[in-house]
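Reading the structure
The residues making up each chain are set out below.
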Amino acid sequence: MKTLLASTLILTSTSLYAHDSCDVELEGGIKIDSTGIEFMQDKKPVYSIFEDNRLMVDGKSIDLNAGQQALVTEYATSIRSIIPEVKSIAIEGIDLAVEGVNMAFDELLGAGNDVGADLTRELTALRDEVQTRFDADKGFYVDEHGFAGEEFLGDEFEQRIESVVEKAVRDSMGSLLIAVGQQMLFSGDTGAFETKMASFGDKIATEMEARGAELESKGEQICLSVVEIDNLEEQLKAEISELEHINILKVKSQGANEI
């Protein structure tokens, strides 16, 4: 149970930072709000793009030709466009876990059981947190440690999900044991009960894996979008001398060198 729930949600954390086809690293921070995008290194601002078109480096406005201006605008809008993509896959991952939770506990304890309801409530709270965090209008910050300077969707995300699941299972252990005992008593055949639960487990795994494959595909698309953003950053560095020594985003594509 714990492994199933965690694995469906791990997709959300790996979608932005790593994927089978690319490995994404931030060499600084990016602060995004409704007015602009600020790029930081060593916790200090190095350049900003305001209203998706006005470039400032070290606090000074940079004059741009038409080609440079178009490139800056494309870069800024590409960064903004990936936010709802990441938000969507994170929320879908949590919804998938909620679905798996209810399928499992409804089978063991019956529909409307308290255990499934409690765990669903915990996961829904996490979903609401994702919904709130991914709001560019309100503003948020992402760096090499995760979102808002925390390991929100970083390495600690899996531990957070596992902690929620473990607590629910631990708190409900008595109810689960009673339910299992009743199932075995009524079936009168331990082997038949084990076969039934194994079959049910396979059913959940099949359904969750199918949905998980969809999330994996979306994760790959996000990865490709990040690669495109990194390519735009390289073009900016080549076209605008003030940015040539600044590299916020690094991507290692499968079978390719670091960009």
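Our subject in this report is the structure included herewith. Since this is a predicted model, take the numbers as computed values, not measurements. (Residues numbered from 1 in each chain as written. Predicted model: local features only at pLDDT ≥ 70, side-chain atom pairs only at ≥ 80, totals over all residues. Heavy atoms only, no water.)

1. Quick notes on the side chain of Lys87
How we decide: For helices the rule is a DSSP run of H or I covering at least 4 residues; for strands it is a run of E covering at least 2, with both sets numbered from the N terminus onward. Buried means the residue's accessible area, taken with a 1.4 Å probe over protein chains only, is under 20% of the maximum for its type, while exposed means over 50%, and partly exposed covers the values in between. Whether two residues are in contact is decided by their heavy atoms: any pair within 4.5 Å suffices.
You can see Lys87 is positioned in helix H2 (residues 66–109). Classification of Lys87 as buried rests on a relative accessible area of 18%. Setting aside chain neighbours within four positions, we find Lys87 in contact with Val130, Gln131 and Phe134.

2. Side note on the pairing of strand S8 (residues 140–143)
Threshold: At least two bridges found by DSSP between two strands is the condition for calling them paired.
Of the two faces of S8, both are covered, the one formed by Phe140 and Val142 as well as the one formed by Tyr141 and Asp143. Alignment of strand S3 (residues 29–32) against S8, held across three bridges, turns out to be antiparallel. By the bridge assignment, Ile30 is partnered in S8 with Val142.

3. Comments concerning the nonpolar core
The line we're drawing: Definition of nonpolar core: a set of buried residues of the types Ala, Val, Leu, Ile, Met, Phe, Trp, Tyr and Cys, connected through side-chain atoms within 4.5 Å.
Ranked by internal contacts, the top residues of the largest apolar core, which has 50 residues, are Ile30, Phe39, Tyr47, Ile49, Leu55, Tyr75 and Leu243. The element contributing the most residues to this core is H2, with 17 residues. Filtering out sequence-adjacent residues up to four positions away, Phe39 remains in contact with Gly29, Ile30, Lys44, Pro45, Val46, Tyr47, Ile49, Tyr75, Ile79 and Ile248.

4. Some points on the pattern of salt bridges
Using the following cut-off: Salt-bridge detection follows one rule: a side-chain nitrogen of Lys or Arg within 4 Å of a carboxyl oxygen of Asp or Glu.
By the definition in use, this model includes four salt bridges. In this structure, Lys218 and Glu92 form a salt bridge, with 2.6 Å as the shortest nitrogen-oxygen distance. In this pair, Lys218 is assigned in helix H6 (residues 190–239) and Glu92 in helix H2, connecting sequence segments 126 residues apart. The exposure class assigned to Lys218 is partly exposed, which follows from its relative accessible area of 37%. For Arg127, the salt bridge is made with Asp95, and the minimal N-O distance between the two is 2.7 Å. A residue pair is termed long-range when its members are at least 10 positions apart, and Arg127 in helix H3 (residues 114–133) and Asp95 in helix H2 qualify at 32 residues. Accessibility expressed as a relative area gives 26% for Arg127, which makes it partly exposed.

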